[in-house]
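# Architecture and fold: a report
The chain contents come next:
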Amino acid sequence: MGALASQGVVGVAGSYVDNSGIARVKTVPLRRLENAVAHGIGMSPVFDVFMFDDAITASPSSTGPVGDLRLFPDLEQLVVLAAQPGWAWAPVDRRTQEGEPHPGCQRTFARRMVDRAAERGLEVSMGFEAEWVLDAGAGDEFVPATSGPGYGMDRLIEVSDYCRDLLQVLDAQSVEVLQLHPEYAPAQFELSVAPADPVTAADRILLVRHTIRAVTGRSGMRCSFAPAMMVGGVGNGCHLHTSLWWEGRTLMSGGSGPYGLHNQAEAFVAGVLEGLPALLAIGAPSAASYLRLIPQRWAAPYRCWGRENREAAVRLAASGDQANAEVKCLDGAANPYLLVGAVLALGLDGIERALELPPEVAVDPATLSDAELAGVGAARLPSSLADALEQFRRCEALAEAMGPALFGTIVAVRETEVERFAGAPEEEIVAATRFRY
């Protein structure tokens, strides 16, 4: 603790993400960190059934106000926060009072899926891309903080000090940034994080989001990672890149499958592709997510794959040791631990069943008829959270991998959101979620 004190740290924040995609936190003074590592920090299990707006629902495994969990900070991932002087941060694992893993702990689920891959001799590398917008307002409406064009140098110039500070802070926190650039929508930016093992990748995107919020606030703006900022607009995505490795060699190139995929990699990608309709209940978990998943807005709302096809939900990207599969139909309302765990579960199920990829879609899928899509095993993804939830309910691979407590709680949270917005106009959905993510 002396090293942290010498860096001016006085408090440590331990955070995790709930099933609605909101980061929750407990903090301790630095002098209490050793006790927190040994005994955990108390937090009610009711947060498993918290909603995006802090309403509370119920699931078969929830106990309401009764009971307690312990949050255990992972010191291997502890970071001194360069944009929040005096603070350090660590992701947490949630355990019971007896020290056993909490069956609803999303980070534990992700780690369990990593272990399942390792049992097959597979190493998995994942990396996230985060999109967000900068807002100059103070009320409920979105006021873009920049006026420059999409991908434009003018937009970068407008907030160049902000972007410089963000890169400096992330570097000080040992987060390797691959790219940072203005995106398409008003005041939108995108940042790509270097790949890591799946749990670390989820930790890092959580840290990146916290850091972006801190730097944005210090710059006199606010930010949002919400799927939809304006009705009819292009929303914020959160893409996930995945590559498989065997004894230090990539399985994404040099094989006999499509574009050099090895058999296990092809089966993995095929498993993810097949499970995408159910995965949306994890990766596009907000009612607002489906205001983003619109054809020909580069949101990838079709269950198909293609090499460098940015309207396909699964894009094979790059080549050689850099080759990976990118899942594009995801957004920032997703819990990153649930997301990496679910992708692993579906991919490993694909390996177990030795799946093969259907034919590639090498054009914009929106230009194909339903019959043409069906002919290559493709289809439009669910167009509502209710439809995605129905697919999730029927997904045996995810139900088995998550276990009844976690799976059932996710169903309960999604059911409540579906009910919350049943019949609601798009304007109401956007307004309710715009600044919650």
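Scope of this entry: the structure provided in the associated data block. (Residues numbered from 1 in each chain as written. Predicted model: local features only at pLDDT ≥ 70, side-chain atom pairs only at ≥ 80, totals over all residues. Heavy atoms only, no water.)

### Examining the overall build of the chain
What counts is decided by this rule: Only DSSP runs of H or I covering at least 4 residues are called helices, and only runs of E covering at least 2 are called strands; the numbering of each starts at the N terminus. Each radius of gyration is computed over the set of C-alpha atoms, and the globule rule expresses the reference value as 2.2 Å times the number of residues to the power 0.38. Partly exposed residues are those whose accessible area sits between 20% and 50% of the maximum for their type, while under 20% is buried and over 50% is exposed, using a 1.4 Å probe and protein chains only. Residue contacts are defined here by distance: any two heavy atoms, one from each residue, within 4.5 Å place the two residues in contact. Under the convention used here, a 1.4 Å probe and the Shrake-Rupley method define accessible areas, while residue burial counts only the protein chains that appear. In summary, the charge assignment counts Lys and Arg as positive and Asp and Glu as negative, without counting His or the chain termini. Lysine's charge is taken at NZ, arginine's at CZ, aspartate's at CG and glutamate's at CD.
Secondary structure summary: the chain contains 14 helices and 16 strands in total. Taken over C-alpha atoms, the radius of gyration comes to 21 Å for the chain, in line with the 22 Å a tight globule of 437 residues would show. Dimensions of the chain along its principal axes, counting C-alpha atoms only, are 60 × 50 × 50 Å. For the chain, with 437 residues in total, the buried portion stands at 57%. Pairs at least 24 residues apart make up 70% of the contacts formed inside the chain by residues separated by at least 6 positions. Total accessible area computed for the chain in this model is approximately 17,200 Å², and 51% of it derives from carbon and sulfur atoms. For the chain, the distance from the average site of its 35 positive side-chain charges to the average site of its 54 negative ones is 4 Å.

### Here we look at the pairing of strand S14 (residues 312–317)
Worth spelling out the cut-off: Two strands pair if DSSP finds at least two bridges between them.
Taking burial as the measure, the six residues of S14 include six buried ones, the bulk of the element. Pairing analysis gives four bridges linking strand S13 (residues 302–307) to S14, with the strands arranged parallel. Bridge pairing in S14 links Arg307 to Leu316. As judged from the four bridges shared by S14 and strand S15 (residues 324–327), these two strands associate in the antiparallel manner. Along S15, the bridge assignment pairs Leu316 with Ala325. Between the antiparallel neighbours S14 and S15 lie six residues, among them Ala318 with a positive phi of about 60°.

### Considerations on the packing of helix H3 (residues 106–119) against helix H6 (residues 198–218)
Defined as follows: Helix axes use the C-alpha atoms of the stretch in contact, all axes being lines fitted to C-alpha atoms, and the angles between their N-to-C directions lie in the range 0 to 180 degrees. Throughout this description, any angle smaller than 35 degrees is read as roughly parallel, any larger than 145 degrees as roughly antiparallel, any in the 65 to 115 degree range as roughly perpendicular, and the remainder as oblique. Put simply, Ala, Val, Leu, Ile, Met, Phe, Trp, Tyr, Cys and Pro go in the nonpolar bin, Asp, Glu, Lys and Arg in the charged bin, and everything else, Gly too, in the polar bin.
Close contact between H3 and H6 brings their axes to 8 Å; oriented N to C, the two are set at 150°. If you check the angle between H3 and H6, you find them roughly antiparallel. Judged by residue contacts, Arg107, Ala110, Arg111 and Val114 of H3 engage Pro198, Val199 and Asp203 from H6. When grouped by side-chain class, the residues that make up the contact of H3 with H6 number four nonpolar, no polar and three charged.

### Regarding the nonpolar core
Rule in force here: By nonpolar core is meant a set of buried Ala, Val, Leu, Ile, Met, Phe, Trp, Tyr and Cys residues that side-chain atoms within 4.5 Å join together.
Core analysis: the biggest nonpolar cluster contains 117 residues, and Trp132, Tyr162, Leu276, Phe392 and Met402 have the highest contact counts within it. By residue number, the principal contributor to this core is helix H7 (residues 263–283), which donates 13 residues. Counting 17 residues, the second largest nonpolar core, distinct from the first, contains Leu30, Ile41, Val46 and Phe47.

### What to know about the packing of H6 against helix H9 (residues 336–352)
Rule in force here: By definition, turning the near helix anticlockwise from the far helix through less than a right angle yields a left-handed crossing, and turning it clockwise yields a right-handed one.
The N-to-C vectors of H6 and H9 enclose an angle of 150°; their axes lie 9 Å apart at closest approach. When the axes of H6 and H9 are compared, the pair comes out roughly antiparallel. Seen along the crossing, H6 lies across H9 with a hand that is right-handed. Side by side, H6 and H9 meet where Pro198, Val199, Ala202, Asp203, Ile205, Leu206 and Arg209 of the first sit next to Pro336, Tyr337, Val340 and Leu344 of the second. Counted by class, the contact of H6 with H9 contains nine nonpolar, no polar and two charged residues.

### Remarks on the state of the cysteines
What counts here: Note on terminology: pairs of cysteine sulfur atoms within 2.5 Å are recorded as disulfides.
Summed over the entire model, instances satisfying the criterion amount to zero disulfides. The cysteine Cys223 is free of any disulfide, with Cys163 supplying the nearest cysteine sulfur at 12 Å. Exposure remark for Cys223: the relative accessible area of 7% places this residue in the buried category.

### Side note on the pattern of salt bridges
As a reminder of what qualifies: Within this document, salt bridges are pairs made up of a side-chain nitrogen of Lys or Arg and a carboxyl oxygen of Asp or Glu, the two lying within 4 Å of each other.
In total, this model carries 23 salt bridges according to the counting rule given. Between Asp18 and Arg24 there is a salt bridge, with the nearest N and O atoms lying 2.9 Å from each other. The exposure classification of Asp18 matches that of Arg24, with both residues buried. Across the pair Arg94 and Asp48 runs a salt bridge whose closest N-O atoms are separated by 2.8 Å. Residue Arg94 is located in strand S6 (residues 87–95), and its partner Asp48 is located in the loop between strand S3 (41–43) and strand S4 (69–73); the two are separated by 46 residues in the primary sequence. Of the two residues, Arg94 and Asp48, neither departs from the other in class, the shared state being buried.

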